[in-house]
Amino acid sequence: DPYGAECFFLSSPSNTKAESSDGNMVITWKAVSGADGYKVYKKLYTESEWTFIGETKESTFTDTEAEKNTLYNYGVRASKNDKLSGISGGAFPFAMFDAVVVNDIEINEKGRPVVTWEATEGVQYNVMRKEEGSAWTEVKIVTGNSFVDESGNFANGEKYYYTVKPGILVRF
């Protein structure tokens, strides 16, 4: 062949993200110009092999088989006429977590609030506080099942509210 072999190049999708929604993981990515579809893959965060979980013509896919409190990586390949791009994503783990229930808030011997909750191994928690009538603000990101709020001056007779939201911390 005087012209050589043909190679068709298709860019990998970028900005792959996953968020939990109604008990499922919704994966989104930036569309690839020229692609006519996408193949979606996942793997447990600790594994190296990708598993095909579905395909779509849109730049979004819903994983209805994701389990709560499990860290996954998601990857996407663009396709055109049965040709595939490289796989995108995979660098950051995503998970759905059970809602965190604050078990107790007590005042310690130093006059500081101590917030406790049920913790899940491998998870970091975003502790947030608000005063009556104000918006939630992040106080600190912590691991474990308790937090002592030493961040502010607390006014006598004022009410303070706390909530704890799960995030991800990976220690493998």
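Everything numeric in this text was worked out from a predicted model, so none of it was measured.

### Description of the sheet that holds strand S1 (residues 14-21)
Strand pairing in a sheet is mediated by backbone hydrogen bonds. Such pairs are either parallel or antiparallel.
So, point 1. Within the open sheet, the 3 strands sit side by side as S1-S2-S5. Their pairing is antiparallel. Whereas interior strands pair on both sides, the edge strands pair on one side only; in this sheet they are S1 and strand S5 (60-63). Between one strand and the next, the sheet's axes are offset by a mean angle of 20°, whatever the strand orientation.
So, point 2. As defined by bridge partners, strand S2 (residues 24-30) adjoins S5 across 4 bridges and the pair is classed as antiparallel. In the sheet register, Thr 28 faces S5, and the bridge partner there is Thr 60.

### Observations concerning the sheet that holds strand S12 (residues 146-148)
So, point 1. Strand order in the open sheet formed by 3 strands is S8-S9-S12, and the pairing between neighbours is antiparallel. Looking along the sheet, the strands with just one partner apiece sit at the ends: strand S8 (102-107) and S12. Adjacent strand axes in the sheet meet at a mean angle of 15°, parallel and antiparallel pairs treated alike.
So, point 2. Two strands pair when backbone bridges link them, and S8 and strand S9 (residues 113-117) are joined in this way by 5 bridges, in the antiparallel orientation. Bridge pairing in S9 links Ile 105 to Val 115.

### What to know about the nonpolar core
So, point 1. Ala 18, Met 25, Ile 27, Trp 29, Tyr 38, Ala 66 and Tyr 74 are the most contacted members of the largest nonpolar core, which totals 16 residues.
So, point 2. Where this core is concerned, the elements lending two or more residues are S2, strand S3 (37-44) and strand S6 (72-80).
So, point 3. Considering each element in turn, this core owes the most residues, 4 residues, to S6.
So, point 4. Setting aside residues no more than four positions away along its own chain, Ala 18 makes contact with Met 25, Val 26, Ile 27, Tyr 74 and Phe 94.
So, point 5. Of all hydrophobic cores here, the second largest spans 15 residues; its members include Leu 71, Ala 95, Tyr 125 and Val 164.

About the criteria used
- Here the residue index of a chain counts from 1 through its sequence in written order.
- It should be noted that, the model being predicted, local features are given only for residues of pLDDT at least 70 and side-chain atom pairs only at 80 or more, the latter also being counted only at that level, while totals for whole chains, interfaces and linings use all residues.
- No hydrogens and no water enter the side-chain calculation; it runs on all heavy atoms of the structure.
- In this description, strands pair whenever DSSP reports at least two bridges between them.
- Helix numbers and strand numbers start at the N terminus; a helix is a DSSP run of H or I with at least 4 residues, a strand a run of E with at least 2.
- Note on geometry: axes are lines fitted to C-alpha atoms, helical ones only across the stretch in contact, with angles between N-to-C directions running from 0 to 180 degrees.
- The criterion is simple. A nonpolar core is a set of buried Ala, Val, Leu, Ile, Met, Phe, Trp, Tyr and Cys residues joined through side-chain atoms within 4.5 Å.
- Categorising residues by exposure relies on relative accessible area from a 1.4 Å probe, with only protein chains included: less than 20% of the type maximum marks a residue as buried, more than 50% marks it as exposed, and the intermediate range marks it as partly exposed.
- We call two residues contacting when some pair of their heavy atoms lies within 4.5 Å.

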